[in-house]
Amino acid sequence: MSAPLIDFDEVIANFDPVLGLEVHVELGTASKMFCGCATEFGAEPNTQVCPTCLGLPGSLPVVNGTAVESAIRIGLALNCSIASWCRFARKNYFYPDMPKNFQTSQYDEPICYEGYLDVDVETDEGTRTFRVEIERAHMEEDTGKSLHVGGSTGRIHGADFSLVDYNRAGIPLIEIVTKPLEGAGKYAPEVAKAYVGALRELLRGLGVSDVKMEQGSLRCDVNLSLRASPDAPLGTRTETKNVNSLRSVERAIRYEMQRQAALLTDGTAIIQETRHWHEDTGVTTSGRVKSDAEDYRYFPEPDLVPVAPSAEWIEQLRSQLPEPPAERSKRLREEWGISEKEMQSVINAGALDLVLATIAEGADPAASRKWWLGELARRANDEGVELESLAITAQQVADLEGLVQSGRLNDKLARQVIDGVLAGEGEPAAVADSRGLQIVSDDSALLEAIKAAIEADPDAAQKIRDGKVAAAGALVGSVMKATKGQADAARVRELVLQELGQ
Amino acid sequence: MSAISRDDVAHLASLARIELTEQELNDYAGQLDVILTAVASISEVAADDIPPTTHAVPVVNVFRDDVVTPSLDRDSVLDHAPAAEDGRFRVPRILDEE
Amino acid sequence: MSDLIHASAVELAAQIANKTVSAVEVTQAHLDRIVEVDGRVNAFLHVDGDGALEQARAVDHAVASGQALSPLAGVPLALKDVLTQTGVPTTAGSKILEGWRPPYDATVVERLRNAGVVILGKTNMDEFAMGSSTENSAYGPTHNPWDLDRIPGGSSGGSAAAVSAYEAPLAIGTDTGGSIRQPAAVTGIVGAKPTYGAVSRYGLVAFSSSLDQAGPFARTVADTALLHSVIAGHDPRDSTSIKEPVPDVVGAAMSADVSKMRIGVVRELSGEGYQPGVQARFDEAVELLRAQGAEIIDISCPSFTYALGAYYLIAPSECSSNLARFDAMRFGLRTDDNGELSAEDVMRHTRAAGFGPEVKRRIILGTYALSSGYYDAYYGQAQKVRTLITRDFEAAWASVDVLISPTTPTEPFRIGERVNDPVAMYKADLCTLPSSLYGGPAISVPIGLGDENLPVGLQVMAPVMADDQVYRVAGAVEKALAQQWGGLLLDQAVAL
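Model, not experiment: these values are computed from the prediction. Each chain carries its own residue numbering, running from 1 in the written order of its sequence. Each chain is given a letter, starting from A, and each ligand a number, starting from 1, according to the order in which they appear as written. Side-chain atom pairs in this predicted model are given and counted only at pLDDT of 80 or more, local residue features only at pLDDT of at least 70, and totals for whole chains, interfaces and linings cover all residues.

1. Overview of the overall build of chain A
Selection rule: Helix numbering and strand numbering both begin at the N terminus, where a helix is a DSSP run of H or I of at least 4 residues and a strand a DSSP run of E of at least 2. For every residue pair, C-beta atoms are placed from the backbone, and the pair is scored as a contact if these atoms sit within 7 Å.
The helix and strand tally for chain A stands at 17 helices and 15 strands. Projected onto the principal axes, the alpha-carbon positions of chain A cover approximately 90 × 55 × 50 Å. Within chain A, residue pairs in contact and separated by at least 24 positions form 69% of the contacts whose partners lie at least 6 positions apart.

2. Concerning the interface of chain B and chain C
To keep it simple, the criterion reads: Any residue that is not Ala, Val, Leu, Ile, Met, Phe, Trp, Tyr, Cys, Pro, Asp, Glu, Lys or Arg is counted as polar, Gly included; the first ten are nonpolar and the last four charged.
Between chain B and chain C, the residue contacts involve 46 residues of the former and 58 residues of the latter. Counting residues per element, the ones that place at least two in the side of chain B that touches chain C are α1 (6–15), α2 (22–39), α3 (74–78) and β3 (88–92) of chain B. It is α2 of chain B that contributes the most residues to the side of chain B that touches chain C, 7 residues altogether. Classifying every residue of the side of chain B that touches chain C by side-chain character gives 33 nonpolar, 8 polar and 5 charged.

3. Overview of helix α2 (residues 9–17) of chain C
Residues and elements named next belong to chain C. To keep it simple, the criterion reads: Buried residues are those with 20 or more other C-beta atoms within 10 Å of their own C-beta, exposed residues have 12 or fewer, and partly exposed residues lie in between; C-beta atoms are placed from the backbone. Directions pointing from the helix axis toward each C-beta atom define the arc.
Among the residues of α2, those classed as buried are Ala9, Leu12, Ala13 and Ile16. One side of α2 carries all its buried residues, which in axial view fall inside an arc of 100°. Buried residues in α2 make contact with α1 (3–6), α3 (23–41), α4 (49–64), β4 (170–174), β6 (214–218) and α8 (221–231). One or two positions beyond α2, positive phi appears at Lys19, with a value near 65°.

4. Let's talk about the sheet that holds strand β2 (residues 84–85) of chain B
Our working definition: Paired strands, in this sense, are two strands between which DSSP finds at least two bridges.
An order of β8(A)-β9(A)-β3(B)-β2(B) is seen for the 4 strands of this open sheet, with the pairing classed as antiparallel. With partners counted over all chains shown, the strands left at the sheet margins are β8 (145–149) of chain A together with β2 of chain B, one partner each. Pairing of β2 of chain B with β3 of chain B, which is carried by 2 bridges, proceeds in the antiparallel orientation. Counted as the bridge partner of Ala84 of chain B is Phe89 of chain B from β3 of chain B.

5. Looking at the interface of chain B and chain A
The interface is formed by 33 residues belonging to chain B together with 42 residues belonging to chain A. Residue assignment for the side of chain B that touches chain A shows that the elements contributing at least two residues are β1 (63–64), α3 and β3 of chain B. Per-element tally for the side of chain B that touches chain A: the top contributor is β3 of chain B, with 5 residues. Among the residues making up the side of chain B that touches chain A, the classes are represented as 14 nonpolar, 6 polar and 13 charged. Pairing of strand β2 (residues 63–64) of chain A with β1 of chain B, which is carried by 2 bridges, proceeds in the parallel orientation. Across the sheet, Val63 of chain A pairs through a bridge with Phe63 of chain B, a residue of β1 of chain B.

6. Comments concerning the environment of Trp372 of chain A
Residue and element names in this part refer to chain A. Note on placement: Trp372 falls in helix α9 (residues 365–373). Here the alpha-carbon distance between Trp372 and Leu354, two residues 18 residues apart in the chain, equals 7.6 Å. Beyond its immediate sequence surroundings of up to four residues, Trp372 is in contact with Ala351, Leu354, Val355, Thr358, Ala377 and Leu387.

7. Digging into the sheet that holds strand β15 (residues 299–300) of chain A
Residue and element names in this part refer to chain A. The strand order across the open sheet built from 3 strands is β5-β4-β15, with neighbouring strands paired in antiparallel fashion. Of all strands in the sheet, those bounded by a partner on one side alone are β5 (102–105) and β15. Bridge count between strand β4 (residues 89–92) and β5: 4 bridges; the pairing is antiparallel. Counted as the bridge partner of Ala89 is Ser105 from β5.

8. Remarks on the domain arrangement of chain A
By a widespread convention, an interface's size corresponds to the accessible area lost as its parts come together. Operational definition: Domain limits in this description derive from either an automatic procedure or a database domain assignment.
Its domain assignment divides chain A into domain 1 (8–313), domain 2 (321–412) and domain 3 (443–499). Distance between the C-alpha centres of domain 2 of chain A and domain 3 of chain A: 35 Å.

9. A short note on the pairing of β3 of chain B
Counting buried residues in β3 of chain B gives 4 out of 5 residues, a clear majority hidden from the surface. A loop of 2 residues connects β2 of chain B with β3 of chain B, the two strands running antiparallel in sequence, and Asp86 of chain B in this loop sits at a positive phi of about 50°.

10. Notes on the nonpolar core
The condition that has to hold: Defined on buried residues, the nonpolar core groups Ala, Val, Leu, Ile, Met, Phe, Trp, Tyr and Cys residues joined through C-beta atoms within 7 Å.
With 284 residues, the main nonpolar core has Tyr195 of chain A together with Leu77, Val460 and Val470 of chain C as its most contacted residues. Ignoring any residue separated from it by four or fewer positions in sequence, one finds Val470 of chain C in contact with Ala192, Val402, Pro441, Ala442, Ile443, Val460, Met461 and Ala462 of chain C. One finds Val417, Ala449, Val492 and Leu495 of chain A within the second-largest nonpolar core, a separate group that totals 45 residues.

11. Description of the pairing of strand β10 (residues 172–178) of chain A
All names here are of chain A. Taking burial as the measure, the 7 residues of β10 include 5 buried ones, the bulk of the element. Sheet topology note: the strand β1 (residues 16–26)/β10 ladder contains 5 bridges and is antiparallel. If you follow Val23 over to β10, its bridge partner there is Ile176. Two strands pair when backbone bridges link them, and strand β7 (residues 126–141) and β10 are joined in this way by 7 bridges, in the antiparallel orientation. Along β10, the bridge assignment pairs Glu140 with Leu173.

This is the structure in structure tokens:
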């Protein structure tokens with residue numbers, strides 16, 4: 001089911017994209033939004049439920065104060081105004097994963113409103129800052145999870161029945177909605193990705209959520225419409241769900257732009273609908289048609305009383321906010337003497353906190369970055385996990401770097417130590433010991449190996465004596481092989497040349 | 001306030017997930033019309049600048065601490081489910097996308 | 001032993017505490033009474049004989065071991081089937097919950113248990129508390145013990161009838177628009193609606209969340225006050241629960257001193273639609289209060305005439321949302337699950353089969369009142385009218401301490417008489433609706449018989465959180481009439 005697409009450059013030549021992003025953050029509170037059930041990920045189904053989150057007759061909600069505090073902190077970090085008085089509202093609709101068949105959310109009185117987040121994007125003219133305006137951030141509750149059984153894809157279509165687990169029902173969510181994002185032009189995909197990435201960093205820095213997109217604690221819906229030009233009225237927008245990574249955000253926007261442009265160029269109207277992103281095939285498919293907009297019959301939640309944060313409380317929370325990520329990045333960038341692009345790579349890899357933690361354990365900034373963005377990022381990518389999920393800590397990376405600095409290991413040997421640490425063999429030093437990994441730094445041992453190599457390859461040796469020092473490479477290679485890579489290649493080369501009179 | 005028709009009732013019944021018979025659709029349309037007429041008197045009240053009341057006693061900021069409290073025993077929950085399987089509630093096939 | 005069923009709760013508690021009689025004997029006497037009369041009254045949906053006797057034994061054990069007892073220990077009680085009780089069938093008068101046994105107790109039930117009150121069983125009610133006659137129950141109507149062809153009021157008709165028929169000295173009902181007070185009035189007993197938020201709603205199957213309130217029934221004002229004091233009080237599991245301490249309702253009921261009170265008679269709650277006998281009994285009761293030293297003042301509350309309109313928009317709106325959870329997915333009735341039909345269809349069919357016509361009507365009405373394009377004119381407007389009604393009450397408190405009116409405009413009507421005329425049915429609540437919308441406390445106390453020789457009640461309304469005041473005035477009325485009658489109004493009923 002592949003829809004026709006128009007080449008991206010042609011899309012930009014003929015259309016102006018307008019974006020909207022809705023991000024749902026699952027808060028990392030110990031208990032749920034309206035009851036004391038645990039929020040642990042991965043518990044046995046329906047073991048973290050109670051009358052309230054199951055919506056049993058007679059049950060009542062009570063608001064989690066920490067969730068309110070997190071909502072306010074998020075709003076403050078996003079430069080929002082905080083409502084001095086607001087209420088919860090019922091959003092009424094029927095769905096089997098919704099125990100009450102209404103969601104307790106907020107409607108026309110969100111706790112946070114009118115904010116912004118500045119994000120940097122690399123453009124042809126250099127780094128450009130886009131101000132993403134935030135319309136609102138409000139509190140609501142998550143739904144249960146359904147497994148669709150019997151169909152071929154595990155998705156709803158064609159399933160025979162579903163099995164529902166309500167452990168997730170009632171977990172606190174903060175929904176953050178942007179205002180329509182205009183003026184991004186051809187950078188729309190990058191701006192969207194940068195926004196979600198920056199938002200993720202900000203939330204991580206606040207400590208309100210573990211923001212793992214692959215686990216669903218950060219969810220993103222992307223809205224996109226096209227119009228003929230920035231002066232034209234807004235076009236019909238689609239909403240795309242199942243965008244589960246930063247990469248998907250960028251790809252989904254790009255795809256939708258191309259798909260919608262193809263339809264519009266062909267004279268076909270865009271259907272206002274919800275679409276589903278498929279990361280594997282790189283396409284969106286049609287979901288529920290939204291043209292007959294569901295009437296949610298919102299009204300203020302009568303089982304709850306208003307939330308009225310005092311000015312004192314808000315100021316106290318504001319004074320305790322961590323350094324805003326943008327400022328922190330700028331400061332670190334300057335301290336480390338790296339470019340904005342390099343800094344962005346660190347952030348996009350989700351590595352900033354890990355790098356800082358490694359530095360805190362004694363490693364120098366450049367080395368910390370090298371390990372996390374290089375070898376470890378590669379391994380995380382191979383395993384399909386986020387960096388912080390790797391079985392190696394900042395402490396261990398710092399220790400590893402220490403072993404390299406002290407001359408015990410070179411990079412090649414260090415990578416083998418990483419293998420061991422990830423496999424659970426123990427701390428870096430212990431792994432190096434048990435695997436017998438050690439640079440040979442004793443010159444006399446090296447000279448023995450060098451002499452053996454010279455004897456074995458007289459031609460190369462002669463070339464070197466004649467001044468062709470490039471031939472040293474072959475001899476160095478033999479020595480490295482003989483020492484199982486545990487020699488310092490630079491030192492070997494020095495000694496080879498010295499030995500042969502160079 | 002306008003009269004409520006059989007089609008209006010059908011639409012509302014659909015929103016409320018209740019299957020009504022043709023007889024019921026017509027009966028309710030008539031009865032609801034009568035009721036709406038009876039309640040129509042409230043529209044006489046000039047209330048533009050009157051704030052709504054949603055709670056009798058104006059309390060704000062009722063919160064609980066973020067501590068975990070015991071959940072229900074799963075058996076006690078699933079024993080009364082219309083259908084259950086593998087520790088989950090078993091429900092018929094769902095048509096609407098979430 | 002049959003005297004045990006005619007004793008008051010206060011008397012029974014005293015006899016149990018001083019070992020004149022055992023709690024088991026008291027409970028057994030009431031279980032026997034239920035067997036004797038409930039076939040005709042149909043007050044009970046479920047009698048928990050074993051559970052009741054077990055609770056009674058526990059009280060006797062406490063007495064024997066010299067433990068301090070609560071003032072109602074060992075006294076039997078009938079519980080409206082709208083409150084959850086672990087492992088005991090709870091139907092809310094509906095087919096959609098037939099057989100459902102909740103996995104948790106309502107807070108009210110917990111408090112009753114902690115006080116050693118013996119819960120005999122669950123009583124009949126209008127389905128999901130929607131009605132004024134108990135004819136909307138899916139399990140058949142309850143019959144008024146005064147005249148079995150008459151309604152016992154609603155929606156707490158089963159609880160009221162149980163007390164009126166001497167099946168229990170105490171009962172718990174719930175009142176959303178008058179559902180305790182009106183049944184109390186038409187069955188000749190006392191029933192009170194506490195200030196909204198005074199009694200926890202945790203475990204109360206919700207009808208209209210901003211109006212529902214559980215409350216006490218008994219045959220005397222003192223018993224009613226005692227029960228009120230046991231169930232009231234802050235509950236952290238209910239966000240709308242009041243934190244202020246429970247007023248001294250028992251002390252007020254005992255003192256019954258109205259000599260310095262200013263009592264307002266609500267002008268708008270009389271006239272057309274009010275039976276002459278009802279009006280006459282009310283006027284006589286007013287004179288009694290005056291004779292006891294109260295100052296009687298005529299008060300106009302013009303917004304009260306809009307109470308019916310506001311209520312029949314707010315309550316259905318909230319209930320349309322509260323009843324959405326009955327969808328055949330997690331508990332309760334599920335019909336037509338043949339493996340072919342979708343979840344959506346099973347929901348539609350189950351709700352059609354499981355809800356009665358009044359419930360369906362109100363869900364449809366509520367859905368309408370909340371729908372986009374109509375919210376402002378209906379639900380929104382109704383909430384503003386609520387403010388106007390509140391202002392009328394607050395204006396009244398500047399010149400009076402309480403307001404009084406008849407509890408309901410007529411004596412109990414015949415079963416079947418109004419069941420096809422919803423608006424006529426709704427008018428039974430005309431007097432009780434204003435205080436429901438305001439949230440203040442109100443009580444109904446028997447004041448005599450009307451022209452059809454059936455009970456008439458007087459309603460006392462007080463400021464929010466001044467629950468003691470309604471008990472004070474009710475106590476005074478009861479005391480004065482007890483002197484006239486030589487006992488309770490109920491003594492004049494023909495024995496069942």
